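# Structure assessment
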Amino acid sequence: MKLLFVNACMRGEKSRTYELCRDYLEKFLKAKAHEDWQVEEVNLNTADIKPLNRELLAERDALSAGKNFDDPSFDLARQMIEADHVLIGAPYWDLSFPAKLKDYLERCSVTGLTFIYSPEGIPQGQCRAESLTYITTSGSAIRDFNFGYQYIQGLCALFGIKKTYFASAEELDIIGKDVKSIMNVAKDKITDIIETL
């Protein structure tokens, strides 16, 4: 079975979001040790994913119209379809997440591949994963402006991924806050998520 880890932790090893993702992966693999799980990572710091522009969209439309979904330009979408569980780690930037993650998700969102339409025009997700976990960290409080996770929830509904989970460590840059304690609370939340999977 495959866990797809979408690593949008743009500060790399120093990222607090990445610290939480490592905690998640360790706990997940330990909890699922009796099963055959492999982690497949897409590191958006190093992945060559270009934003879709007019030319790239025209190419994709032509390939989609011909149902040429074996083309390498659809590799990320096929990888998403074939995952059994998805973990996305991304810092909270500008009320959502880094632009590189949006570029990646656009590459995964392919009509006729990650989702199809019924004769009545109702989208039907084609992804195998039953669940996705989204992890983030923020310097301030997120409160009601969690547009990154809300976007992910919408995509999961489109892709056919039935359950989404969320863990965050917030207010990490506010002077006087106990950063270690905040991170530990987030790790406890991660433990709770793992126990439900």
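Bear in mind the structure is a predicted one, so any value in this text is a computation, not a measurement.

Reading the values: the criteria
- All chains use their own residue numbering, which begins from 1 and follows the written sequence.
- In keeping with the model being predicted, local features are shown solely for residues with a pLDDT of at least 70 and side-chain atom pairs are shown and tallied solely at 80 or more, while totals for entire chains, interfaces and linings include all residues.
- The basis for the side-chain values is all heavy atoms of the structure; hydrogens and waters are excluded.
- Like-charged residues are merged into a patch within 9 Å and nonpolar side chains (Val, Leu, Ile, Met, Phe, Trp, Tyr) within 5 Å, provided each residue has over 30% relative accessible area and no salt bridge.
- Computed by Shrake-Rupley with a 1.4 Å probe, the accessible areas treat only the displayed protein chains as cover when residues are assessed.
- By salt bridge we mean one thing: a side-chain nitrogen of Lys or Arg within 4 Å of a carboxyl oxygen of Asp or Glu.
- Put simply, DSSP marks the helices as runs of H or I at least four residues long and the strands as runs of E at least two long, and each gets a number from the N terminus on.
- Relative accessibility under 20% of the residue-type maximum defines a buried residue, over 50% an exposed one, and the middle range a partly exposed one, all with a 1.4 Å probe and only protein chains included.
- Put simply, buried Ala, Val, Leu, Ile, Met, Phe, Trp, Tyr and Cys residues joined by side-chain atoms within 4.5 Å make one nonpolar core.
- Residue contacts are counted whenever heavy atoms from the two residues lie within 4.5 Å of one another.
- Helix axes are fitted only over the stretch in contact, all axes being lines through C-alpha atoms; the angle between N-to-C directions runs from 0 to 180 degrees.
- An angle below 35 degrees is read as roughly parallel, one above 145 as roughly antiparallel, one from 65 to 115 as roughly perpendicular, and any other as oblique.
- Amino acid classes used here: Ala, Val, Leu, Ile, Met, Phe, Trp, Tyr, Cys and Pro are nonpolar; Asp, Glu, Lys and Arg are charged; the rest, including Gly, are polar.
- Pairing of aromatic rings covers Phe, Tyr and the six-membered ring of Trp, with a centre-to-centre limit of 6.5 Å; geometry is then stacked below 30 degrees between planes, edge-to-face above 60, and tilted otherwise.

## A look at a nonpolar patch on the surface
Judged by side-chain polarity, Leu-95, Phe-145 and Phe-147 come together as a nonpolar surface patch covering roughly 270 Å² of accessible area. Relative to the elements of secondary structure, Phe-145 occurs in the loop between strand 6 (131-137) and helix 5 (147-159). Classification of Phe-145 by relative accessible area gives partly exposed; the value is 44%.

## Considering the nonpolar core
Counting residues in hydrophobic clusters, the biggest one holds 38 residues, and the most contacted among them are Val-86, Leu-101, Tyr-104 and Tyr-134. When contributions to this core are tallied by element, the ones reaching two or more residues are strand 1 (2-7), helix 3 (75-82), strand 3 (85-89), helix 4 (99-108), strand 6 and helix 5. For this core, the element with the highest residue contribution is helix 5, accounting for five residues. If we skip the residues at most four places from it in the chain, Val-86 touches Leu-4, Val-6, Met-80, Ala-129, Ser-131, Leu-132 and Thr-133.

## Here's the deal with the packing of helix 3 against helix 4
Packed helix pairs are characterised by how far apart their axes lie and by the angle those axes make with each other. Two elements in contact, helix 3 and helix 4, have axes whose closest approach is 7 Å; the angle formed by their N-to-C orientations is 80 degrees. Taken as axis vectors, helix 3 and helix 4 run roughly perpendicular relative to one another. On helix 4, the residues touching Leu-76, Ala-77 and Met-80 of helix 3 are Tyr-104, Arg-107 and Cys-108. The residue makeup of the contact of helix 3 with helix 4, split by class, is five nonpolar, no polar and one charged.

## What to know about the packing of aromatic side chains
The description of an aromatic ring pair uses the distance of the two centres, along with the angle that the planes make with each other. In this structure the tally under the stated criterion is nine aromatic pairs. Consider the rings of Phe-28 and Trp-37, whose centres lie 4.9 Å apart with planes at 90 degrees: the pair is edge-to-face. Trp-37 shares its class with Phe-28; the two are buried. Among the aromatic residues, ring-to-ring pairing joins Tyr-24, Phe-28 and Trp-37 into one connected group.

## What to know about the pattern of salt bridges
Under the counting rule described, the total for this entry stands at eleven salt bridges. For Asp-48, the salt bridge identified is with Lys-50, shortest N-O distance 3.2 Å. Since its relative accessible area comes to 65%, Asp-48 is described here as exposed. The salt bridge partner of Glu-130 is Lys-162, with a shortest N-O separation of 3.6 Å. Of this pair, Glu-130 sits in the loop between strand 5 (123-125) and strand 6 while Lys-162 sits in the loop between helix 5 and strand 7 (163-169), and the two are 32 residues apart along the sequence. Given a relative accessible area of 45%, Glu-130 falls into the partly exposed group. Using a relative accessible area of 62% as the deciding quantity, one classes Lys-162 as exposed.

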